[in-house]
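A look at the structure
Here is how the chains run, residue by residue.
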Amino acid sequence: WSLNIGNPDKDQSGTSVYYAHPYQLLQGEDMISVKERFGMTDASVARLNFNKTDFVAGETVCIAPHWTNAVDRTGGKVCPDVETQDESVTRMLQSDSPSR
């Protein structure tokens with residue numbers, strides 16, 4: 001839970017706050033579908049789970065969703081209007097280029 005700051009259970013106002021979440025794999029799920037759903041990579045799963053990347057139904061994996069890539073159970077983007085960092089940089093560079 002290395003992404004949690006201070007006490008991962010409560011913020012200063014007493015509200016529960018988690019940046020990384022425990023997620024229990026359901027029957028029929030595998031890590032490919034979980035990584036796709038939460039927009040994660042093998043490297044990001046390993047970083048949060050002591051280098052373990054292979055989990056099976058019933059096991060709990062620590063996840064920190066990458067929201068710009070995450071999808072819901074139906075496959076729709078969780079944040080469809082959020083531009084990616086690459087899109088943002090491209091747009092910024094285009095707006096900074098001198099007009100011809």
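Residues numbered from 1 in each chain as written. Predicted model: local features only at pLDDT ≥ 70, side-chain atom pairs only at ≥ 80, totals over all residues. Heavy atoms only, no water.

Mapped onto the elements, Asn-49 comes out in the loop between α2 (42-48) and β2 (60-63). By relative accessible area, which is 10% here, Asn-49 ends up buried. A distance of 2.8 Å separates the side chain of Asn-49 from the backbone oxygen of Val-45, its partner in a polar contact. Excluding residues within four positions of it along the chain, Asn-49 makes contact with Phe-55, Val-61 and Cys-62. (Helix = DSSP H or I, 4+ residues; strand = E, 2+ residues; numbered from the N terminus. Buried < 20%, exposed > 50% of the residue type's maximum accessible area, 1.4 Å probe, protein only. Polar contact = N/O pair within 3.5 Å; in protein donor to acceptor, adjacent residues only side chain to side chain. Contact = heavy atoms within 4.5 Å.)

Tracing the sequence through the fold places Ser-44 in helix α2. Residues Ser-44 and His-66, 22 residues apart in the sequence, show an inter-C-alpha distance of 9.5 Å. Engagement of the side chain of Ser-44 in a polar contact is seen with the backbone nitrogen of Thr-41, the distance being 2.8 Å.

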